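# Results of the structural survey
As a plain string of letters, each chain reads:
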Amino acid sequence: MAAAKFTGLASAAESAVFRGNQELTRLARSGQLAAARRLFNEMPRRNTVSYNAMLSALARHGRLADARRLFDELPRRNTVSWNAMISACSDHGRVADARELFGAMPARDNFSWTLMVSCYARAGELKLARDTFDRMPGEKCAACYNAMISGYAKNGRFDDAVTLLREMPAPDIVSWNSVLVGMTRDGKMARAVQFFDKMPQRDMVSWNLILDGYVRAGDLDAASGFFERIPSPNVISWVTLLNGYCRAERIGEARELFDRMPECNVVSWNVMLGGYVRLSNMEEAYKLFTEMPDKNSISWTTIISALVHAGKLQEAKDMLNKMPFDSFAAKTALMHGYVQSKMVKDARHIFDGLEVRDAVCWNTMISGYVHCGMLDEAMVLFQQMPNKDMVSWNTMIAGYAHDGQMRKAVSIFRKMNQRNAVSWNSVISGFVQNGLCVEALQHFVLMARGGKMPDWSTYACCLSACANLADLQAGRQFHSLVVRSGYIIDSFSGNALISAYAKCGRMLEARQVFDEMAGQDIVSWNALIDGYASNGRGAEVISVFQEMEAHDVRPDEVTFVGVLSACSHAGLVDEGLDFFNSMTKDYSLQPVAEHYACMVDLLGRAGRLIEAFELIQGMQIQPNAGVWGAMLGACRVHKNDELAHAAAKKLIELEPHKTSNYVLLSNISAEAGRHDPPTRGNRPLCPASSPQTPKPYLPLFSPPSRRPPLLRPHFLARPKTLDKPLGDVAAAAAMITGGQSYVSAPPAFSADGRLLLVCSGRSVSVFSTSTGMLVSELEGHEGDVTAVVVVPPPANAEAVAKLATYCWTAGLDGELIYWDFAAAELVRKVHVGLPVHSMVIPNITRTVKSTEVYTPFAFVSVVDTTKPADKKKALRGQVRIYDLTKGRQVGCLLAETRKPEKIVASVSGEFLGIANKRQLYIWSIPTEGFKPDKIRKIKLCHTKNLTTLAFHPSERTVAGGDSTGRILIWRGFGKAKFSGATGAGNEDRDGVRGQDDADICTTLHWHSSEVKFLKFASDGAYLFSGGMEGVIVVWHLDSGKKRYKPRLGSPLMFFVDSPDSSISCVSCTSNQVHLLKMPNMEVLKTISGIKLPISSPDLSRRDVCGFDYTNGLVAIPTEDYCIQFYSLFENTEVSEVQVCERNFQPVDDITMSISLVSLSIGGDFMCTVDVKLPEEELGGLITLKFWNHGSRAGQFHLSTVIYEPHSDAGISAVAFRPGKNMAVSSSFGGNFKVWVQSSSLQSSEGKSQSGWRCQSVGSYKKKPMTAAAFSGDGSVLAVAAESVITLWDPDNNALVGVIAEALSPITKLSFIGTSTYLMSLSQSSKPQVAVWNASNLSMQWSYTLSAEAACCSSSMSEFAVLSLLSCPEGGTPAEQDGVILLFDAENSSPVSSFSVKKAKGGSIAFVKDDSSMDAHTNATRGEEASLLVYVNGSHEYVIFDPRNNEESQISKHTQKNIQADEPARIGYASIYGELPKLELKKEVLDIPFIPSERPWETIFTGSSHVLPPLTKLCSAFLASLLEKRPVSNE
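### Let's talk about the overall build of the chain
Assigned secondary structure in the chain consists of 47 helices and 63 strands. Residues classed as buried in the chain amount to 51% of the 1530 residues present. Once local pairs closer than 6 in sequence are excluded, the contacts in the chain between residues at least 24 apart make up 53%. By element, 51% of the accessible surface of the chain is carried by carbon and sulfur atoms, the whole surface being about 70,700 Å².

### Side note on the sheet that holds strand β28 (residues 1031-1036)
The strand order across the open sheet formed by 4 strands is β26-β27-β28-β29, and the pairing between neighbours is antiparallel. Looking at strand neighbours, the two that pair on one side only are β26 (1011-1016) and β29 (1042-1047), the edges of this open sheet. For this sheet, the mean inter-axis angle between neighbouring strands, taken without regard to orientation, is 20 degrees. As judged from the 4 bridges shared by β28 and β29, these two strands associate in the antiparallel manner. Residue pairing for β29: W1035 is matched across the bridge by K1042.

### Re helix α11 (residues 173-185)
With 13 residues, α11 extends 18 Å from end C-alpha to end C-alpha; this agrees with the ideal 18 Å at 1.5 Å per step. The element α11 is largely enclosed, with a buried count of 11 among its 13 residues. Buried within α11 we find I173, S175, W176, N177, S178, V179, L180, V181, G182, M183 and T184. On its buried side, α11 packs onto α9 (142-154), α10 (158-167), α12 (189-198) and α13 (204-216). Once α11 finishes, G187 follows within two positions and takes phi at roughly 80 degrees, a positive value.

### Overview of the pattern of salt bridges
Taken as a whole and judged by the stated rule, the model has 24 salt bridges. In this structure, D159 engages R191 in a salt bridge whose closest nitrogen and oxygen atoms are separated by 2.4 Å. Taken as a pair, D159 in helix α10 and R191 in helix α12 lie far apart in primary sequence, 32 residues in all. D159 gets classed as exposed once you look at its relative accessible area, which sits at 52%. Judged by relative accessible area, which is 33%, R191 ranks as partly exposed. One salt bridge connects K1398 with E1436, and the closest N-O pair in it is separated by 4.0 Å. In this pair, K1398 is assigned in the loop between β60 (1387-1396) and β61 (1403-1408) and E1436 in the loop between β62 (1426-1431) and β63 (1437-1440), connecting sequence segments 38 residues apart. The class for K1398 is partly exposed, based on a relative accessible area of 28%. Taken together, the salt bridges that share partners define one network made up of D221, R250 and E253.

### Observations regarding the environment of W82
Within the secondary structure layout, W82 lies in helix α5 (residues 79-91). With relative accessibility at 8%, the residue W82 sits in the buried group. Sequence separation of W82 and L101 is 19 residues, and the distance between their C-alpha atoms is 7.3 Å. In this view, W82 contacts F71, R77, L101, A104, M105 and P106; residues no more than four positions away in its chain are not counted.

### A word on the pairing of strand β39 (residues 1165-1172)
β39 sits mainly inside the fold: 8 of its 8 residues count as buried. Pairing between strand β38 (residues 1152-1159) and β39: 7 bridges, direction antiparallel. What sits directly across from S1153, in β39, is V1171. Where β38 folds back onto β39 in an antiparallel hairpin, the turn is made up of 5 residues, including G1163, whose phi is positive at roughly 75 degrees. Bridge count for β39 against strand β40 (residues 1181-1189) is 8 bridges, and the pairing is antiparallel.

### Some thoughts on the pairing of strand β10 (residues 815-820)
Two faces belong to every sheet, and in a regular strand the side chains alternate between them. Among the 6 residues of β10, 6 are classified as buried, and the element is accordingly described as predominantly covered. Burial along β10 is two-sided: the residues E815, I817 and W819 and L816, Y818 and D820 are all buried. The hairpin turn running from strand β9 (residues 806-811) into β10, its antiparallel successor, is 3 residues long, and G814 in that turn takes a positive phi close to 80 degrees. In this structure, β10 lies alongside strand β11 (residues 825-831), joined through 6 bridges in antiparallel fashion. By the bridge assignment, D820 is partnered in β11 with E825. Here β10 hands over to β11 after 4 residues, with A824 in that stretch at a positive phi of 55 degrees.

### A word on the side chain of T240
With respect to the element layout, T240 can be found in helix α15 (residues 235-247). Using a relative accessible area of 14% as the deciding quantity, one classes T240 as buried. Here the side chain of T240 touches I236 through a polar contact of 2.6 Å, landing on its backbone oxygen. Non-local contacts of T240, meaning those with residues more than four positions away in its chain, are made with L211, D212 and V215.

### Here's the deal with a nonpolar patch on the surface
Nonpolar side chains collect at one region of the surface, where L1198, V1201 and Y1203 lie side by side and expose about 250 Å² of accessible area between them. Its place among the elements puts L1198 in strand β41 (residues 1196-1203). Judged by its relative accessible area of 32%, L1198 is partly exposed.

### Focus on the sheet that holds strand β44 (residues 1222-1227)
One open sheet holds the 4 strands; their spatial order is β43-β44-β45-β48, and the pairing between them is antiparallel. The sheet is open, and its two borders are formed by β43 (1211-1216) and β48 (1252-1258), each paired with just one other strand. Going across the sheet, the axis of each strand differs from the next one's by a mean of 20 degrees, ignoring polarity. One ladder, built from 5 bridges, connects β43 with β44; its direction is antiparallel. The residue of β44 that forms the bridge with A1215 is V1224.

### Side note on unusual backbone geometry
In this chain, M1078 is followed by P1079 through a cis amide linkage whose omega measures 5 degrees. Phi is positive for S1207, close to 60 degrees, though the residue is something other than glycine. Turning to its location among the elements, S1207 is positioned in strand β42 (residues 1205-1208). Despite not being glycine, N1293 has its phi angle at roughly 55 degrees, a positive value. With respect to the helices and strands, the residue N1293 is situated in the loop between β51 (1284-1289) and β52 (1294-1299).

### Here's the deal with the confidence of the model for the chain
Counting all residues, the mean pLDDT for the chain is 78, and 81% of those residues have values of 70 or more. Helix α46 (residues 1510-1513) is the least confidently modelled element of the chain, averaging 32 in pLDDT, while strand β12 (residues 836-840) averages 95, the highest of any element. Per-residue pLDDT stays below 50 along residues 1412-1421; that stretch engages in 20 contacts with residues further than four places along the chain or on separate chains.

### Here we look at the packing of aromatic side chains
Applying the stated criterion across every chain yields a total of 45 aromatic pairs. Arranged with centres 4.8 Å apart and planes meeting at 75 degrees, the rings of F227 and W238 form a pair that is edge-to-face. With a gap of 11 residues between them, F227 in helix α14 (residues 220-229) and W238 in helix α15 connect regions that are remote in the sequence. Considered together, F227 and W238 belong to a single accessibility category, that of buried residues. Measuring from ring centre to ring centre gives 5.3 Å for F1165 and W1252, while their planes differ by 85 degrees; the resulting arrangement is edge-to-face. Of this pair, F1165 sits in strand β39 while W1252 is found in strand β48, placing the two residues 87 residues apart along the sequence. Each member of the pair, F1165 together with W1252, is buried. Through a chain of ring-to-ring contacts, the aromatic side chains of F1165, F1186, F1216, W1235 and W1252 assemble into a single cluster. Above the plane of the ring of F196 lies R202, whose end atom (NZ or CZ) is 4.4 Å from the centre.

### A short note on the environment of R130
For R130, the location among the structural elements is in helix α8 (residues 126-135). Distance from R130 to M148, taken between C-alpha atoms, is 7.2 Å for residues 18 residues apart in sequence. Excluding residues that lie within four positions of it along the chain, R130 makes contacts with M148, Y152, L164 and E167.

Scoring rules and cut-offs
- Residues numbered from 1 in each chain as written.
- Predicted model: local features only at pLDDT ≥ 70, side-chain atom pairs only at ≥ 80, totals over all residues.
- Heavy atoms only, no water.
- Helix = DSSP H or I, 4+ residues; strand = E, 2+ residues; numbered from the N terminus.
- Buried < 20%, exposed > 50% of the residue type's maximum accessible area, 1.4 Å probe, protein only.
- Contact = heavy atoms within 4.5 Å.
- Areas by Shrake-Rupley, 256 points an atom, 1.4 Å probe, with all protein chains shown as cover.
- Pairing = 2+ DSSP bridges.
- Axes fitted to C-alpha atoms, helices over the stretch in contact; angles between N-to-C directions.
- Expected span 1.5 Å × (residues − 1).
- Salt bridge = Lys/Arg side-chain N within 4 Å of Asp/Glu carboxyl O.
- Polar contact = N/O pair within 3.5 Å; in protein donor to acceptor, adjacent residues only side chain to side chain.
- Patch = residues over 30% accessible without salt bridge, like charges linked within 9 Å, V, L, I, M, F, W, Y side chains within 5 Å.
- pLDDT = per-residue confidence, 0-100.
- Phe/Tyr/Trp six-rings, centres within 6.5 Å; stacked < 30°, edge-to-face > 60°.
- Lys NZ or Arg CZ within 6 Å of the ring centre and 35° of its normal.

Here it is as structure tokens:
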């Protein structure tokens, strides 16, 4: 009995669960998700079916996260649960999640496999889809076949779809229709019809697919013809064709077809109704609506929207009240109509009645208030809006701007988290409308700096601002921007351009813009007429007016204002009267006050005052102040006192509070001899002030009362012999080097992917991939490191773990070095003897005693230095093989080339290759039982020079990139020579040239210039390429489709993948290595080095770097218009300051350059000069910008922008005054300007701001000002007027002295410390370094010396000169070496000298000593001592003390932030097995120093610091460097 009772209870419970599941499924399918969730949560018992139903409901409604959470909570999962979750991921494009779930399924059914095939196919991953399809166990079901066929068809691979269809055991109609769907949706109608005709069976879906294809293609005649072929068209057939006719607005044919329909459902009625509404045929639409037998919500909404659009709001409201449905769309449509008609109360009534409001409703209501000027109500509603979108913010900004409340508009603008172009345009146009044109242009700069692309509206607003400012240069710049941006000059932007040029007096350009406009409207003609009129070109105005009439453009009131104004200014009285009469007679235009004012002015200028007064008396409208003002002005000119008083009386009545009217009348009375001043009300106007005695004219420059005679340099008056040595070359007591390039060679990842090894000059820097921090450095090469290869892992698992910390490096010193890079320990060297440019080490084994043993062989690309470099056809490049175990070369040369080429190895090490001119050389390497004589070689040919190559990881496929940007992919290479297989005939080898050993060659093309790198993805499905464009292109090999990964902004050089598949890196020419998260290539970390020199023919030869003396920073201009602040002591980037907004791609020509950077000695201020190069004689601009220091070193904020500070002349120098907020800029145009920082102001945000303004301007005999400098105490300003040095009092702008001329124009001028000595540098054909005494205005001494740069100490009387040596034979200017000479101002003999490399383009500067360098040397030097920094032409640098001759030296590691990370040390023998015992002590010993015959060929490296005096080393050099001149007295 109990058992029966228990069974009954269980049955009842199961029945309740069953009913709950049914209701749950019903609610989910009907879209009632909230009710379904409530029921699910309230169910006392749930089974797997319950969970599956809820899971499907969540997935169907897009709640994927909730679905996954519920799936993870499932107590028991069956196959349905897994399939539901996979289906949800597939529907939402979550391929990776679907793959993960599929892989974790304990058991799969046919539906599971079909789901994954469909998932991959939807995502376009056809290779994965086909792999899944092929792996499906057992017999494949029809659904799986159909999924794969549909995937092929929808992705355009129709041949594959048809092939699989034929392979299908029993294709059904769905299979055939799947192919048909792809063809019709892809627009391949000819092929679709051909396929349709061959179908063995068809259903109505097949017929409707072809019909829909024709309709989609817009071929309605073909669609109609095919419709007649359908045996029994169903309602879908009729509606499809009907919809096509309606969309094409062929309403007659649509109605005819509609009337023929045997059965019309509500969908067909709605389509026909929509056709009438689209054509605004309200009569037929309303008639059809009343005839509809059944109406749904769409029917009512369509007719209500049509009534609103027609302006019949009352009828729309009545229709809405009759509507049996509660339609949100219909209410929104009516609300929008009310807003458009400014019936905001009615709109608000509907708004308040809405139960649910979306963003469109809120924005419509806010817009209504704004358009009616009810900004307070709009703001209240805006603040109440729960989720504001971009439209909401922009509406409020535009509203306040239109109302003139720009402060509120800007306040709202600044609160926006994100801004689009409309946001910026609203603010910019608001500024222009309210006369704040400068602020408008400033916001344009901010917009561009924020990365937002301006549109035509932005340019039109900015052009209007330029017109209002009459700023010709800015207008030309914007004109150039419009053209470069690809926008056609339409009426909006064209009219603004015409106004801008006209207000600047450039009517020729204005007319040219007018003629080039796509279409001129009345505003265009008026703008041109007004431009000619305002420039006094009356004849041209009349000519344009006649031309306007000839083009059948009817003039309006504005046209006649311009014409009458032109006649007035040109004195064309009769013509003006004719035009005035023509207004009413010919064009039925009634004159307004502006026309009468023009006529009064016209008659008044001609002296016809009575006619002018009578014209005013006969006006049909009330004369305004403009009319009486014109009359009053004419009376004053012609001295008609009576009419003047009458006009003045009227004018004062209209404008009683305008003081200028009283002043004008008072002047008229005084000129007429009357002294009865007019009154303002009952108060007398103050009498005009009596004439004052004019002040004497003060000249701009006050010459001194006593001017000394011009003194000649005594260097020319007395012979100077160099009988003393120049001094010993000092050994740098505390030397720091830095600035190495990180992108000279490809980096390499450690075996575990945790470290990145980067070639940096003569060392290898080891960085952590997780932090981007420097871990250690490998120092042992005597030349630049050109390759780093992490040792490939052998099969031994234990050895793999140990091998993670070992690598080989190669360098230009001809050494291969083996390292334990975890301990930064040199293990072994292999001597090559020739500069190595590239190296690979494939995974090779060799047979030793019948056992395969891993043996490292290095394949290196070297330069044969025994062959002459000046012979063009000399084969100097060689590919050699070295046995790293035995340390010797094996085999013969693999190749000889004209220059060393980069070697690329496949992942397996089976293939090696190089790109040699128009060929790829590929070698097959026997990785097992390696012997050099078993290596085989083939060549693949191309028509262009090849630049790079890459091997497929698993297939015999190689890709090559060429110099024009094309990528060639050879598949099946080497089958004949490497495998011994018979090659296919030439006719079957598409794209393969000649007898090349490959099956097929395909071409990809996107890059515009040289392809820099190629790399296959680890799975082989994708190919990565990069070049000058600064973007990584991801090619899908099967489909040829491409995607573009993050734009890095600089040309790319190398791409390296990691053993850790989640990370890779890319190197850029900006000396940056970006660590990328794969597969989306998001930048994780960036390793930034010093910016490399800019190569541009437009830059001057002088270096433009700036130095921050106090903080030890160098400021380097970059190609993307930034200033990089680089810490010289830390060898790391501190910050970047964007000077000009970048709007170019890396492949574009550089159109702007930063020509000068100057920093104050304390680092508080910076000044930059950027030059916009003219393009087609438009857009050239020189800009001077002042920057204030931020809260930390290297941080600057823009303070002031001065456009063309010296007109269109270039700026030669900028210098800051020590201790004061003053600067000077000198100009090649013949003047200099002194700038001072104005007092602090409070911005609208409450922040303190300050600007720079010009205090005074000076010049000397109109000579170009080529250099400028302040004295150490700031009391004297020295400016070089070509070869003459002038001295000025900067406070009073008074010339106080002139020093005799140098040999040639001075390019560098500086006071030496706090002394009265000046150092000047001339760099022309007559080079000279001279020291001048400012106290007695004479030359101290000079040398005829070819110098690249010079610098002076800020505290001591010493300076340094970087002098150039002669360029070696066959060398380039970049290889020109030099010598640094340290001088004391009072002694012409150099204190010390230093030989340096790459002096061309180099710079030197003194920087403040860093106490962290060496406490002992600081104590010996004293507090005021400074260090000297030399930056060479490649931006490598060295910091040293030029005065200390001690040979002590500290390691530069003390100055670097190195992250400690030292795993256990591992021995060499434990990895490679039995190898000859190495005598490490002999290998690691330092090479003894042997003095070089040319000691200046090193840049402070190794033992070359220990040098004898320069005169004893290099008398020949000194003879050419220092010129001994004869004595002569003038």
